[in-house]
Amino acid sequence: TITCAASLGAGFNVTIIQGGAGKVTVAAGGQTLVSYSSLFSTMGQYAVISLIAPVANTFIAAGNLGV
């Protein structure tokens, strides 16, 4: 699990790749976290997701997101 930190300001972005069998989950950690269909975990090995902060303390998750 990767938790979004409050100290990451507007314009922050990162790409996350699931390299192995275990899914990667993104958690809000008190910040606002949104995605299409409210999904926040990678779909499987080699799945790629991006986290983008358009404004401070708000993160958008996009990419190969699943349950």
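Quantities reported herein were computed from a predicted structural model and do not represent experimental measurements.

*Asks:* Where do I start with the sheet that holds strand 4 (residues 32-35) in this structure?
*Replies:* What the 4 strands build is an open sheet, ordered 2-6-7-4; its pairing is mixed. Across the chains shown, the open sheet's two edge strands, defined by having one partner strand only, are strand 2 (13-17) and strand 4. Averaged over all neighbouring strand pairs, the angle between strand axes comes to 25 degrees, with direction disregarded.

*Asks:* What am I meant to see in the pairing of strand 4 here?
*Replies:* The two faces of the sheet receive side chains in turn, since in a regular strand these alternate between them. Alternating positions in strand 4 separate cleanly, Leu33 and Ser35 being buried on one face and Thr32 and Val34 remaining unburied on the opposite face. Pairing analysis gives 4 bridges linking strand 4 to strand 7 (residues 58-63), with the strands arranged parallel. Across the sheet, the residue bridging to Leu33 is Phe59, located in strand 7.

*Asks:* Please clarify how the packing of aromatic side chains should be interpreted in this entry.
*Replies:* Overall, the coordinates contain 1 aromatic pair when judged by the stated rule. For the pair Phe12 and Phe59, a centre-to-centre distance of 6.4 Å together with 80 degrees between the ring planes defines the contact as edge-to-face. Of the two residues, Phe12 sits in the loop between strand 1 (2-3) and strand 2 while Phe59 sits in strand 7, which places them 47 residues apart along the sequence. According to the relative accessible area criterion, Phe59 is buried, its value standing at 0%.

Calculation criteria
Residues numbered from 1 in each chain as written. Predicted model: local features only at pLDDT ≥ 70, side-chain atom pairs only at ≥ 80, totals over all residues. Heavy atoms only, no water. Pairing = 2+ DSSP bridges. Helix = DSSP H or I, 4+ residues; strand = E, 2+ residues; numbered from the N terminus. Axes fitted to C-alpha atoms, helices over the stretch in contact; angles between N-to-C directions. Buried < 20%, exposed > 50% of the residue type's maximum accessible area, 1.4 Å probe, protein only. Phe/Tyr/Trp six-rings, centres within 6.5 Å; stacked < 30°, edge-to-face > 60°.

Treat this as a map of the structure, not an account of what it does.
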